[in-house]
Amino acid sequence: MELTLTEEDATHWVYRGEGAANLVLAYTGSSPSYIGKVMRIRKAPRNGSKSQGVRNTIALTPHERLIWKDVHELISSSDKEIAGQLYVQHVMKPLLGSKFVDAGMHVLVTREFLESVEKNVISQRPAWRVDAARVDTHCDFGLLMSDHSLFTHGIEMCIIELASTGSQGSSPCISVEIKPKCGFLPFSRFISEGTSVKRRITRFEMHQALKLHQGEISQRSEYNPLDLFSGSKVRIHKAIKDLFTTPQNNFRVFMNGSIMLGRLGGGAKNTDVCIAKVFEDELKSVIQADDGLCTENLFTLVTEALHKSGVLDQLLEVQKLDNVDIEGAIHAYYDITSQQCMVCRELNEEQAKRYAPLHSASLDESLRIVRDYLIAATAKDCSLMICFRPRKEEDSGSVYNNVYLESTKQTFDFKALLGDAVASKENGFQKSTQRNLRHKWFVLLKRKRTKPQHFQVRQCMHSYDSMGKHGFKFTEPPLPPSPLDVGTFEQAFAYS
């Protein structure tokens, strides 16, 4: 971390967006070190305790060191935040592919820089985000990454473009950001009858029912992650169109790095006729289609690029490392931590036989199960960005992949990248166990399921209530658990 940002640098960093744990800033200045870059800086909850210092004295617990014992760079880290970046670099990047993952690098920032950034961006942040968290001015570093919403040609070309056009990348450039979610239904033989509803209904669909019931959204999204990951161009096209109709915090579109559709802080409203018309008009500068067809052609572009890139296949493969589900992984977790299995304690002898193979496994096998579950949980929460620019005749030697849009006779360069490859303890879908189980109930009611299935969910709710009496934590369990925090396993199980 040789670079250091000070108070006078703050004016060159503008608000790009934020998640539960981090604020994202984009660089608008002329320093060669930062052109074409974005930076993530840590947030701190307003109602939480103040940071106890810049550095955490212990990055990983003994159990975490055991789980990641083969990743030497990770277990030797003395800071939790640095360990998170090393996790991306040495665990997720090799699995997801180096061409799809940018691990970034840490840069030093002064407290004055962070305080200035806080003042500069507060008016651009969604009010509910401001109420929930502020910039963590006790943290002395940020994570610097390439701005993948732009195509850049090297520092010299960026400086020339910045001086002449005010843009840091080739213009025009369209970037589509998607939160794909989990692309398969769990198939583990360790899933109990009481929770077998998740074999048939995606977690995303159940969350939609819950949000609608609680008034967080006005309309359920028709998006189905299984469509996006299906490998079928027809179904991928449908998934993109459904995301466009109800973006929420799962779909955003940028033009030259500036937001076109969606909301920087998440929670965008549904795409009505007026929004769709404005979006269509803005696309005309890039997609040379007849009036009213630009948006449809963008859907085709995204579909073709996703299908050609193979990024979804790669992501799904890593997600499927979770082949025992949390209902299997929890048993391996108890064995690793040398605790009595709280799950088996609630079962009769016949029921417990299902999990006997897990408890008779070797330590190395138990470690593998837990490690794979954590890696898969990270992959299920990744974001995906795919960027396009029209290819010019002089770009025949471009290093980027390309797709040909038959309807407009245009060729587009594209690149696909995965973000958020390290899970945070904080997550936008944090809900209590009781609410989570209720939303499954509401989904079944919506679909007018048969009476036995209704009874099944009631049984599920009753069994979890029983577990709660014996120490399971029901208070805001993170989903997915941090890959560097195995202590959330009990919470994740209660949330399953």
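An account of the accompanying structure is given in this report. (Residues numbered from 1 in each chain as written. Predicted model: local features only at pLDDT ≥ 70, side-chain atom pairs only at ≥ 80, totals over all residues. Heavy atoms only, no water.)

## What about the overall build of the protein chain?
Move 1: Secondary structure assignment for the protein chain yields 19 helices and 13 strands.
Move 2: When the 496 residues of the protein chain are sorted by exposure, 53% land in the buried category.
Move 3: Accessible surface, the protein chain: about 21800 Å² in total, of which carbon and sulfur atoms supply 51%. (Helix = DSSP H or I, 4+ residues; strand = E, 2+ residues; numbered from the N terminus. Buried < 20%, exposed > 50% of the residue type's maximum accessible area, 1.4 Å probe, protein only. Areas by Shrake-Rupley, 256 points an atom, 1.4 Å probe, with all protein chains shown as cover.)

## A word on unusual backbone geometry
Move 1: Positive phi values are uncommon outside glycine, yet Asp 325 reaches one of about 65°.
Move 2: With respect to the secondary-structure elements, Asp 325 resides in helix 13 (residues 325-336).
Move 3: Residues other than glycine seldom take positive phi values, yet Lys 409 does so here, at roughly 60°.
Move 4: For Lys 409, the location among the structural elements is in the loop between strand 12 (401-405) and strand 13 (410-419).

## Describing the environment of Val 324
Move 1: By the element assignment, Val 324 lies in the loop between helix 12 (311-319) and helix 13.
Move 2: Val 324 sits in the buried class, given a relative accessible area of 10%.
Move 3: If sequence neighbours within four positions are ignored, Val 324 has contacts with Ser 188, Phe 190, Ala 329 and Ile 369. (Contact = heavy atoms within 4.5 Å.)

## Focus on the side chain of Thr 137
Move 1: Within the secondary structure layout, Thr 137 lies in the loop between strand 6 (133-135) and strand 7 (141-146).
Move 2: Taking the relative accessible area as the measure of exposure, Thr 137 reaches 14% and is therefore buried.
Move 3: Non-local contacts of Thr 137, meaning those with residues more than four positions away in its chain, are made with Arg 111, Leu 114 and Glu 115.

## Some words on the packing of aromatic side chains
Move 1: Summed over all chains, the structure comprises ten aromatic pairs.
Move 2: Each ring, one from Trp 13 and one from Tyr 34, has its centre 5.7 Å from the other, and the planes form 75°; the classification is edge-to-face. Note that Trp 13 is positioned in strand 2 (residues 13-18) and Tyr 34 in the loop between strand 3 (22-27) and strand 4 (37-45), a separation of 21 residues in sequence. Accessibility assignment for this pair places Trp 13 and Tyr 34 in one class, buried.
Move 3: Where Phe 204 meets Tyr 223, the ring centres are 5.2 Å apart and the plane angle is 80°; that geometry is what we call edge-to-face. A residue pair is termed long-range when its members are at least 10 positions apart, and Phe 204 in helix 7 (residues 203-213) and Tyr 223 in the loop between helix 7 and helix 8 (225-228) qualify at 19 residues. Judged on exposure class, the residue Phe 204 and its partner Tyr 223 are both buried.
Move 4: Here the aromatic cluster, defined as three or more aromatic residues joined through ring pairs, consists of Trp 13, Tyr 27 and Tyr 34. (Phe/Tyr/Trp six-rings, centres within 6.5 Å; stacked < 30°, edge-to-face > 60°.)

## Considering the pattern of salt bridges
Move 1: All chains considered together, the criterion is met by 26 salt bridges.
Move 2: With a closest N to O distance of 2.8 Å, Lys 198 and Glu 327 form a salt bridge. Residue Lys 198 is found in the loop between strand 8 (174-178) and helix 7, and its partner Glu 327 is found in helix 13; the two are separated by 129 residues along the sequence.
Move 3: One salt bridge connects Asp 291 with Lys 284, and the closest N-O pair in it is separated by 2.9 Å.
Move 4: According to the relative accessible area criterion, Asp 291 is exposed, its value standing at 58%. (Salt bridge = Lys/Arg side-chain N within 4 Å of Asp/Glu carboxyl O.)

## Let's talk about the sheet that holds strand 9 (residues 251-255)
One key point about sheets: their strands pair by backbone hydrogen bonds, in either a parallel or an antiparallel sense.
Move 1: The strand order across the open sheet built from six strands is 10-9-8-11-13-12, with neighbouring strands paired in antiparallel fashion. Strand pairing shows two members of the sheet lacking a second neighbour, strand 10 (258-261) and strand 12, which therefore form its edges. Strand after strand, the sheet turns through a mean of 30° between neighbouring axes, direction not considered.
Move 2: Sheet topology note: the strand 8/strand 9 ladder contains five bridges and is antiparallel. Bridge pairing in strand 9 places Glu 177 opposite Arg 252.
Move 3: Along the sheet, helix 10 (residues 273-283) contacts strand 8, strand 9 and strand 10; its crossing angle with strand 10, the most-contacted strand, is approximately 130°. (Pairing = 2+ DSSP bridges. Axes fitted to C-alpha atoms, helices over the stretch in contact; angles between N-to-C directions.)

## Quick look at the packing of helix 12 against helix 16 (residues 363-380)
Move 1: With their axes 7 Å apart at the nearest point, helix 12 and helix 16 run at an angle of 145° to one another. Contacts between helix 12 and helix 16 involve Leu 315, Val 318 and Gln 319 from the former and Ile 375, Ala 376, Ala 379 and Lys 380 from the latter.
Move 2: Among the residues making up the contact of helix 12 with helix 16, the classes are represented as five nonpolar, one polar and one charged. (Nonpolar A, V, L, I, M, F, W, Y, C, P; charged D, E, K, R; others polar.)

## Looking at the nonpolar core
Move 1: One finds Trp 68, Leu 228 and Leu 306 to be the most contacted residues of the largest nonpolar core, which totals 87 residues.
Move 2: Here Leu 306 is in contact with Leu 228, Ile 236, Ile 240, Val 311, Leu 312, Leu 384 and Ile 386, once residues within four sequence places are set aside.
Move 3: Within the second largest apolar cluster, 19 residues are counted, among which are Ala 10, Tyr 15, Tyr 34 and Ile 41. (Core = buried A, V, L, I, M, F, W, Y, C linked by side-chain atoms within 4.5 Å.)

## Quick notes on helix 10
Move 1: Within the sequence span of helix 10, burial applies to Phe 279, Glu 280 and Leu 283. Seen along its axis, helix 10 keeps its buried residues to an arc of 100°; they face one direction.
Move 2: Among the structural elements, strand 8, helix 9 (233-245), strand 9, strand 10 and helix 11 (294-309) are those in contact with the buried residues of helix 10.
Move 3: Where helix 10 begins, one side-chain oxygen reaches toward the backbone nitrogen of Cys 274, 3.2 Å away; that side chain belongs to Asp 272. (Arc of directions from axis to C-beta. Polar contact = N/O pair within 3.5 Å; in protein donor to acceptor, adjacent residues only side chain to side chain.)

## Quick notes on the side chain of Gln 208
Move 1: Here Gln 208 is to be found in helix 7.
Move 2: With a relative accessible area of 2%, Gln 208 lands in the buried category.
Move 3: Sequence-distant contacts of Gln 208, that is, excluding residues within four places in its chain, are made with Ile 217, Gln 219, Arg 220, Ser 221 and Gln 248.

## With respect to the environment of Asn 47
Move 1: Examined against the element boundaries, Asn 47 turns out to sit in the loop between strand 4 and helix 1 (62-67).
Move 2: The spacing of Asn 47 and Ala 133 is 86 residues in sequence and 8.0 Å in space, taken between C-alpha atoms.

## Some remarks on the pairing of strand 13
Move 1: Counting buried residues along strand 13, nine of its ten residues qualify, which places the element largely inside the surrounding structure.
Move 2: Relative to strand 13, strand 11 (residues 383-390) runs antiparallel, the two being bridged by eight bridges. Directly across from Leu 384, in strand 13, lies its bridge partner Leu 418.
Move 3: Sheet topology places strand 12 next to strand 13; five bridges connect them, and they run antiparallel. Following the sheet pairing, Asn 401 is matched in strand 13 by Phe 414.
Move 4: Remark: four residues form the turn of the hairpin made by strand 12 and strand 13, two consecutive strands paired antiparallel; Lys 409 in that turn has positive phi of roughly 60°.

Fair warning: the whole summary comes from geometry, so function is off the table for now.
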